[in-house]
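Below, each chain spelled out in residue letters.
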Amino acid sequence: MLYLLALLIGIVAGLRAMTAPAAISWAAYLGLLDLSGSWLSFLASPWAVGILSVLALVEFVTDQLPSTPSRKVPPQFGARIFMGAVCGAAIGSASGFWAAGLVLGIAGAVVGTLGGAAVRQRLAARFGRDLPAALIEDAVAILAALGIVWSL
């Protein structure tokens, strides 16, 4: 089950890069994910929760701007892969298999990045504009992250 959750949190990172680490940080802070003694234990700190939550909120706003670059350009894609890796590793570390979680998080981030872009493009074409598609993608990322956190 944790392997599936590591893959899914990677997909969330592919949709919204900062939503995944914010969700993982909240899970660790609330005691739903035990990261104590791991190299990711800093995610449970109030500072991490606050900073990552603010960054996730900022990302929701900046994603709506027309000047925001595509998620598929190297810096954006790389950030999503990195966040998927870290978040997958965090979930995997709960069972002692952080490396497997890291790999699954990366795989999920690639799927979420490319698949999310394709679905959003189709939705935007159907709506005739991007904003409704972006808001649906935001909702999917948030609800998926909440579901993953509560499944830990």
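Structure first, text after, so check above.
Let me sum up the structure you'll find in this document. (Residues numbered from 1 in each chain as written. Predicted model: local features only at pLDDT ≥ 70, side-chain atom pairs only at ≥ 80, totals over all residues. Heavy atoms only, no water.)

What follows concerns the environment of Ala 145. Summarising the element assignment, Ala 145 is placed in helix 6 (residues 130-151). For the pair Ala 145 and Pro 21, spaced 124 residues apart in the sequence, the C-alpha separation amounts to 9.4 Å. Leaving out residues up to four positions away in the same chain, Ala 145 has contacts with Val 12, Thr 19 and Ala 23. (Helix = DSSP H or I, 4+ residues; strand = E, 2+ residues; numbered from the N terminus. Contact = heavy atoms within 4.5 Å.)

On to the nonpolar core. Core analysis: the largest hydrophobic core is formed by 27 residues, its most contacted members being Ile 9, Ile 24, Leu 35, Leu 40 and Ile 91. The residues touching Ile 9, leaving out its near neighbours within four places in the chain, are Ala 20, Ile 24, Cys 87, Gly 88, Ile 91 and Ile 148. (Core = buried A, V, L, I, M, F, W, Y, C linked by side-chain atoms within 4.5 Å. Buried < 20%, exposed > 50% of the residue type's maximum accessible area, 1.4 Å probe, protein only.)

There is a patch of nonpolar side chains on the surface, built from Trp 26, Tyr 29, Leu 30, Ile 142, Leu 143, Leu 146 and Trp 150 and spanning about 770 Å² of accessible area. The biggest single contributor to the nonpolar patch is helix 6, with four residues. Of note, Trp 26 is situated in helix 2 (residues 19-29). Given the relative accessible area of 38%, Trp 26 is considered partly exposed. (Patch = residues over 30% accessible without salt bridge, like charges linked within 9 Å, V, L, I, M, F, W, Y side chains within 5 Å. Areas by Shrake-Rupley, 256 points an atom, 1.4 Å probe, with all protein chains shown as cover. Salt bridge = Lys/Arg side-chain N within 4 Å of Asp/Glu carboxyl O.)

Right, let's talk about the side chain of Arg 80 for a bit. On the secondary structure map, Arg 80 appears in helix 4 (residues 74-93). This buried residue, Arg 80, is left without a salt bridge; Glu 59 holds the nearest opposite charge, at 4.2 Å. Reaching out from Arg 80, the side chain makes a polar contact with the backbone oxygen of Gly 14 at a distance of 2.7 Å. (Lys, Arg positive; Asp, Glu negative; His and termini not counted. Polar contact = N/O pair within 3.5 Å; in protein donor to acceptor, adjacent residues only side chain to side chain.)

Here we come to the packing of aromatic side chains. Tallied over the full model, the rule gives three aromatic pairs. When the centroid spacing of 5.6 Å and the interplanar angle of 75° are considered together, the rings of Trp 39 and Trp 98 count as edge-to-face. A residue pair is termed long-range when its members are at least 10 positions apart, and Trp 39 in the loop between helix 2 and helix 3 (46-62) and Trp 98 in helix 5 (residues 98-127) qualify at 59 residues. The partly exposed category is assigned to Trp 98, whose relative accessible area is 42%. (Phe/Tyr/Trp six-rings, centres within 6.5 Å; stacked < 30°, edge-to-face > 60°.)

With that settled, consider the pattern of salt bridges. Counting across every chain of the model gives seven salt bridges. Between Arg 71 and Glu 137 there is a salt bridge; the shortest N-O distance is 2.6 Å. With Arg 71 in the loop between helix 3 and helix 4 and Glu 137 in helix 6, this pair connects stretches of sequence that are 66 residues apart. For Arg 71, a relative accessible area of 9% translates into the label buried. The class for Glu 137 is buried, based on a relative accessible area of 5%.

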